[in-house]
Amino acid sequence: MEKKSLLEIKNEKCALVLAQCTNAKVILMLSVVVCHCFAFWGGWFTNNPAIPSQTAHFIAEWLGSFHVFAFTLIAGYLFYYLQIENQHYSDFFMFICKKAHRLLVPSYAVGLLWIAPLTYLFMPFTVKDLIRKYVFLYQPSQLWFLGMLFVCFIIAWFLKKIAQEHSSLLVLLCLMAYGIGMVGIHYRLNYFMICSGLMYIPFFEMGYKIRQKYNDLLFRFHPIVLLIIDFIAFAFLFFTSNYLIEISKGIYFIYRFLLNLLGAFSAFSILVQLSSRYSWGKKGCFKYLSERTMIVYLLHQQIIYFFIVWLNGVVHPLIHGIINFVGTMAITLIFSEIVLRVKVLRYLTGN
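Quick notes on the rules
- Residues numbered from 1 in each chain as written.
- Predicted model: local features only at pLDDT ≥ 70, side-chain atom pairs only at ≥ 80, totals over all residues.
- Heavy atoms only, no water.
- Helix = DSSP H or I, 4+ residues; strand = E, 2+ residues; numbered from the N terminus.
- Rg over C-alpha atoms; globule rule 2.2 N^0.38 Å.
- Buried < 20%, exposed > 50% of the residue type's maximum accessible area, 1.4 Å probe, protein only.
- Lys, Arg positive; Asp, Glu negative; His and termini not counted.
- Charge placed at Lys NZ, Arg CZ, Asp CG, Glu CD.
- Patch = residues over 30% accessible without salt bridge, like charges linked within 9 Å, V, L, I, M, F, W, Y side chains within 5 Å.
- Areas by Shrake-Rupley, 256 points an atom, 1.4 Å probe, with all protein chains shown as cover.
- Salt bridge = Lys/Arg side-chain N within 4 Å of Asp/Glu carboxyl O.
- Expected span 1.5 Å × (residues − 1).
- Polar contact = N/O pair within 3.5 Å; in protein donor to acceptor, adjacent residues only side chain to side chain.
- Contact = heavy atoms within 4.5 Å.

### A few points about the overall build of the protein
Part 1 of the reasoning: When helices and strands are tallied, the protein shows 14 helices and zero strands.
Part 2 of the reasoning: Taken from the N to the C terminus, the helices and strands of the protein come in the order α-α-α-α-α-α-α-α-α-α-α-α-α-α.
Part 3 of the reasoning: Here the C-alpha radius of gyration of the protein, 20 Å, is about what a compact globule of 351 residues would show, namely 20 Å.
Part 4 of the reasoning: With the principal axes as the frame, the protein shows a C-alpha extent of 65 × 50 × 45 Å.
Part 5 of the reasoning: Going through the 351 residues of the protein one by one, you find that 49% of them count as buried.
Part 6 of the reasoning: Here the protein carries 28 positive and 14 negative side-chain charges, and the mean point of each set is 4 Å from the other.

Pasting the structure below:
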């Protein structure tokens, strides 16, 4: 048998990761739903938990330390492939139109037609608040991710030359963007999720650089090792965060930033390796969920509100969280069947 060259092996690995990105996004989408199902015990909702649970709080915080960051990293990874390797994004205007359809149309349509009415049932707001949140996209519930990602794509377009040729300058610019974003959020300037986009651009560009030069890193560390390291690093922050803040807020924010970078990389690497090993993409449930990832993300949070109110204090928090997840997934998947069968609903949800 002819021995493969290092270049051939590298190309095979690059192709493999692309095939597994969809599977990784399915798992990350499920982790977002699980996170929100347990976030109630971390002060997420208007009501307080009738039965406090440190474990439920820990689950939500740990998942929150990596899931959206990993999503953003994967977006940057695919952006490099589509733009540079596949020459898919050659015209800026067409690029913006596609991203606006995929990200901004759902932000406004779902925000005004679904999220605002259902959120009002549990957390009443004024017309001014409605315009601020769902027109100017100031913390518009779960839709913040779409606005943030749109900003990342615009920034990444203009950084593409620097990203390809000047890695050190790219790192400096990403750190500056992160700092500016933090200051903007502190002063409540996060309209259209611009400040959030600045804070997430380091994760987007990390995915870009991994695809460009460091794809082998995804296979260099055993999944169990990455999981243990990330879990221990998070647990340290979870149990010492108040102490770290008292010592120095700077140390706390730097540690949290590094933890998010570690979590994003670890999640992507683990999911790619496991997906490759167990061929998740060939399983029917993964194909089914991969076609509904966006819809589940758009609709799930407000359904969780109902389960939170109905079951608060009725069952143990961990059982409550599990019921939240199972019930929310069942209902959102039922809604997805309707959405995918109606053309205008497909358009409004970015499908």
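### Looking at unusual backbone geometry
Part 1 of the reasoning: Of note in the backbone geometry, F192 takes a positive phi value of approximately 55° without being a glycine.
Part 2 of the reasoning: Its location among the elements puts F192 in the loop between helix 7 (167-186) and helix 8 (194-212).
Part 3 of the reasoning: Not every positive phi belongs to a glycine, and M193 is a case in point at roughly 60°.

### Some remarks on a nonpolar patch on the surface
Part 1 of the reasoning: A cluster of nonpolar side chains, L112, L113, V127, I131, V135, F136, Y191, F192 and I194, forms an exposed patch at the surface whose accessible area comes to about 770 Å².
Part 2 of the reasoning: When contributions to the nonpolar patch are tallied by element, the ones reaching two or more residues are helix 4 (92-122) and helix 5 (127-134).
Part 3 of the reasoning: Its location among the elements puts I194 in helix 8.
Part 4 of the reasoning: Of the residues examined, I194 reaches a relative accessible area of 43% and is grouped as partly exposed.

### Some thoughts on helix 10 (residues 249-278)
Owing to its 3.6 residues per turn, the α-helix brings residues three or four apart onto one side.
Part 1 of the reasoning: If you check helix 10, its first and last C-alpha atoms are 42 Å apart, about what 30 residues at 1.5 Å a residue would give, namely 44 Å.
Part 2 of the reasoning: Structurally, the start of helix 10 carries an N-cap: the backbone nitrogen of G250 is 3.3 Å from a side-chain oxygen of S248.
Part 3 of the reasoning: Looking at the residues trailing helix 10, positive phi occurs at S279, about 50°.

### Considering the side chain of S141
Part 1 of the reasoning: Within the secondary structure layout, S141 lies in the loop between helix 5 and helix 6 (144-165).
Part 2 of the reasoning: Here S141 falls in the buried class, since its relative accessible area comes to 16%.
Part 3 of the reasoning: When near neighbours in sequence (up to four residues on either side) are disregarded, S141 contacts I115, T119, K133, Y134, Q301 and Q302.

### Some thoughts on the pattern of salt bridges
Part 1 of the reasoning: As enumerated under the stated definition, the model contains five salt bridges in all.
Part 2 of the reasoning: With a shortest N-O distance of 3.3 Å, K161 and E165 are connected by a salt bridge. Of this pair, K161 and E165 are both found in helix 6, four residues apart, which corresponds to roughly one turn of the helix.
Part 3 of the reasoning: Classification of K161 by relative accessible area gives exposed; the value is 54%.
Part 4 of the reasoning: Given a relative accessible area of 48%, E165 falls into the partly exposed group.
Part 5 of the reasoning: A salt bridge links E337 to R341; the nearest nitrogen and oxygen atoms lie 2.7 Å apart. Note that E337 and R341 are positioned in helix 13 (residues 317-341) at a spacing of four residues, about one turn of the helix.

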